[in-house]
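# Examination of the molecular architecture
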Amino acid sequence: MQDNATEVTAAGIARLAGVGRAAVSNWRRRHADFPRPVGGTETSPSFALAEVESWLRKQGKLAEVPLRERVWQQLVGHPEGPVTALVHAGCALLLIHDRPTVWLEASAGSDERLAAMLPGALEAVLGPRFGVNGRTGVHRPSAAAGPGGVNTPGAVNPASRVDTPSGVNPSVRVNPQGAGRGAGDVRPGAAVNTAPAVHTPTGPELLPSVPLLRGVAELAAETGARQTFEFLLGRHLDANPRQFTLTPSELARLMAELAGPARTVLDPACGTGALLRAVAARPDQELYAQDSAADLAALTALRLALNGLAGVRGAVGDTLRADAFPSLRADAVLCHPPFNERNWGHDELAYDPRWEYGFPARTESELAWVQHALARLREGGTAVLLMPPAAASRRSGRRIRADLLRRGALRAVVALPVGAAPPYNIPLHLWVLRRPGAAPARPEVLLVDSGQFAGEGRGGPDLEAVREAVLDAWRAFDRAGGLDDRPGLARAVPVIELLDDDVDLAPARHLPPPAAADGAEQLAAVRERLGETLRLTGDLTPPPPESAPPARWPQTTIGELARGGALVLRTGGSGGAARGAVLTDHDVLAGTAPSGTLPESDEEAVFTEAGDIVVPVLGGGSVARVIDDATAGAALGRNLVLLRPDPAALDPWFLAGFLRGTANNRQASSYASTATRLDVRRLQLPRLPLGEQRRYGARFRALDEFERALRHAGRLGEQLVRGMYDGLTDGTVTPE
């Protein structure tokens, strides 16, 4: 199997060559020898990667394809799809990580020899890693394994072994229907329909992946096996944002810390494995993961195995209907369950022993997940679940909530700020639960509302401040069994106070309001600051312009300047080892401080320096931001382009000012059905001497200061108005 089996789209060609998609379209029209499409559709054709690389080199448009880009294009062009390619790559990386000499020996020959030798080599690694003939004592089915295959059992404890039925295909390919939860219904006496998360691919299955696996091995030699897998997985998740519901890493860290130290940890709806990755992996730990989507379960198991030395037990199956770990008693359960599911098994699970606290209504799937988590905990173990806010107050769930409170199972409800996790438009909750033991139930439950840490505009909440406030309140409450009121933030509420007709657990309805001391004085200070800002705005208002005929300057483009070395052009990445804050396109548009994060990957992050110009490429607005000392050092986020001018040739303020021209942006933009994209290389600016550039730059800088003052005045005005409304309605401000 040769590399030309890998196909690449026009977008992939543009990424390889570092140009816009419009340039690729021009090449196809202008060059008769441009490679012909080999697949895809008429509107979205695909091309052979090897032919494209050869053509780009011949035209002098590409000296050498970066290794990471070559591997990525091989992955997305895999004939069985990117998920199968990712799983095969993960298996090979695990072999490279655990037994590098075995990989070197197997890869020394032809592609066919490598494909034939890999199944046996992988079986020797995947078996011990995922529980076959390992320390768990789980047996290996003989006949069901198939040629070269290993059925990796999902169970961990020998007493909790779950054998995969012969009718289950332990495949890791994506189910086009999304691995629906209807498959695998469980009734009393029925076989449990689960499958191992990872199985050993056969030689024929691996043969199309061999070129990819060789590239992956080469990349791993440069960056490491774990970093290589994180890069590929991170880019795959970023390229398909609508297919996955991701748990932000900061929130996953908070949930793991609320659960506390644990040797055995379960995530029954593991998704991409963010929650289990947040657990401090140790050699003596066991991590259990299950998901109804075969692709997610496989990727998570491989990700966790590459991430540390902890034992990993993964399974595919509908957790509520087909629990792969029925006898597990874990130290901790972390879970971000699917929300608002009607088809969760209500009809067939009416007599399930997990419903200790009451049978959940059809509309209360989240309370089914809560009770599943409690059923899988040891006595005294802790579960932390991300929940929709409606689960705290829906009348259909009040009896279960009441029983959770009476028996001391529910220990805390934490309201997160809007934007902490998807769906980003509602303030989600964290429920902290503990499996009751012999000790009497504690009479209080902790309620926390961290809504005060919501960010302004689209910047997102301050999750680090949320983490510190929530952990401080929880640890004090958990240690002492109570907590002094923290107005507006936290309160230990007596359980008896919550056991009314509604059993409403929404924290905001039970917390004392924020301290109103000096409220009027604070509003007076805001009013004074607003007055000063408005006076400054008046001073900065530019004088009336003088009339002049349109200028006829010689023009150049950003692309020409970049090729000539007058500036460096960099694009924001989708991952990287970003230290500290990340500057997002929303930050640039709103003129706010860096507020974003990037998923962890081995992709190199781009860091800003003072004097850089950052331009958003989506949205159709004419915006360019000059990086100052306060913003310097932030990583560059997605959908941003950074320009770093040579100060001996270009004045940064002159450059940024001309990039903001409306006509300039219009001619450099392209339009899709739902978005406008800016091709920064096509933006124009006049060829002027450096002295003249600085004269224009000084005026552009003054306009920028005026714009910032206007924004600040607007924020202060909103703060004053909101404070006045709140003060008048709570009585801390009088009408006089």
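Residues numbered from 1 in each chain as written. Predicted model: local features only at pLDDT ≥ 70, side-chain atom pairs only at ≥ 80, totals over all residues. Heavy atoms only, no water.

The protein chain appears in an unreviewed UniProt entry as Restriction endonuclease subunit M from Streptomyces mangrovisoli.

When helices and strands are tallied, the protein chain shows 23 helices and 23 strands. Counting over 736 residues, the protein chain shows a buried share of 51%. Long-range pairs, those at least 24 residues apart, make up 74% of the contacts in the protein chain between residues at least 6 apart in sequence. Only carbon and sulfur atoms are counted for the fraction: they give 51% of the accessible area of the protein chain, which is about 33,200 Å². (Helix = DSSP H or I, 4+ residues; strand = E, 2+ residues; numbered from the N terminus. Buried < 20%, exposed > 50% of the residue type's maximum accessible area, 1.4 Å probe, protein only. Contact = heavy atoms within 4.5 Å. Areas by Shrake-Rupley, 256 points an atom, 1.4 Å probe, with all protein chains shown as cover.)

Turning our attention to the environment of Glu-366. Within the element layout of this structure, Glu-366 appears in helix H14 (residues 365-375). In this structure Glu-366 comes out as buried when scored by relative accessible area, which is 0%. Spatially, the C-alpha atoms of Glu-366 and Phe-339 are 6.5 Å apart, while their sequence positions differ by 27 residues. Residue contacts for Glu-366: discarding those within four places in its chain leaves Pro-338, Phe-339, Asn-340, Met-387, Pro-388, Ala-391 and Arg-394. Among the polar contacts listed, one links the side chain of Glu-366 to the backbone nitrogen of Asn-340, at a separation of 2.6 Å. (Polar contact = N/O pair within 3.5 Å; in protein donor to acceptor, adjacent residues only side chain to side chain.)

Within the fold, Asn-664 resides in helix H22 (residues 662-667). The buried category is assigned to Asn-664, whose relative accessible area is 10%. Every residue in contact with Asn-664, bar those within four places of it in the chain, is listed here: Phe-658, Leu-659, Leu-683 and Gln-684.

Further remarks concern the sheet that holds strand S3 (residues 45-48). Two modes of strand pairing occur in sheets, parallel and antiparallel, and in both the strands are linked by backbone hydrogen bonds. Here we have 3 strands laid out as an open sheet, ordered S1-S3-S2, and antiparallel in their pairing. For this open sheet the edge positions go to strand S1 (7-9) and strand S2 (39-40), each flanked by a neighbour on one side alone. Direction of pairing for S2 relative to S3: antiparallel, over a ladder of 2 bridges. Bridging across to S3, Gly-39 finds its partner in Ser-46. Across the face of the sheet, helix H1 (residues 10-17) comes into contact with S1 and S3 while running at roughly 85° to S1. (Pairing = 2+ DSSP bridges. Axes fitted to C-alpha atoms, helices over the stretch in contact; angles between N-to-C directions.)

What follows concerns the sheet that holds strand S11 (residues 429-434). Spatial ordering of the open sheet is given by S4-S7-S6-S5-S8-S9-S11-S10-S12-S13, a layout of 10 strands whose pairing is mixed. Each of the sheet's edge strands pairs with one partner strand only, and the pair in question is strand S4 (195-196) and strand S13 (490-494). Relative to strand S9 (residues 377-387), strand S8 (residues 330-335) runs parallel, the two being bridged by 5 bridges. Directly across from Val-333, in S9, lies its bridge partner Ala-383. Those strands touched by helix H11 (residues 249-259) are S8, S9 and S11, and its axis lies near 155° from that of S9. Sitting on the sheet, helix H15 (residues 398-406) touches strand S10 (410-415), S11 and strand S12 (444-449), and the angle it makes with S11 is about 50°.

What follows covers the pairing of strand S20 (residues 640-645). The element S20 is extensively covered by neighbouring structure, given that 5 of its 6 residues are classed as buried. With 5 bridges connecting them, strand S15 (residues 567-571) and S20 associate as antiparallel partners. Along S20, the bridge assignment pairs Leu-569 with Leu-643. Pairing between strand S17 (residues 613-616) and S20: 4 bridges, direction antiparallel. Across the sheet, the residue bridging to Val-614 is Leu-642, located in S20.

A few words on H14. In terms of burial, H14 is a largely internal element, 11 of the 11 residues being buried. All of the buried residues along H14 are Ser-365, Glu-366, Leu-367, Ala-368, Trp-369, Val-370, Gln-371, His-372, Ala-373, Leu-374 and Ala-375. Where H14 is buried, its residues contact S8, S9, H15 and S11.

Looking now at the environment of Cys-335. Among the secondary structure elements, Cys-335 is positioned in strand S8. For the pair Cys-335 and Met-387, spaced 52 residues apart in sequence, the C-alpha to C-alpha distance is 9.2 Å.

Their axes nearest at 7 Å, the elements helix H21 (residues 652-659) and helix H23 (residues 690-730) cross at an angle of 65°. By the angle class used here, H21 and H23 are roughly perpendicular. At the point where H21 passes H23, the crossing takes the left-handed sense. On the side of H21, the interface is formed by Trp-653, Phe-654, Gly-657 and Phe-658, while H23 contributes Gln-693, Tyr-696, Gly-697, Phe-700, Arg-701 and Asp-704. Taken together, the residues of the contact of H21 with H23 break down into 5 nonpolar, 3 polar and 2 charged. (Parallel < 35°, antiparallel > 145°, perpendicular 65-115°, else oblique. Left-handed = near helix turned anticlockwise from the far one by under 90°. Nonpolar A, V, L, I, M, F, W, Y, C, P; charged D, E, K, R; others polar.)

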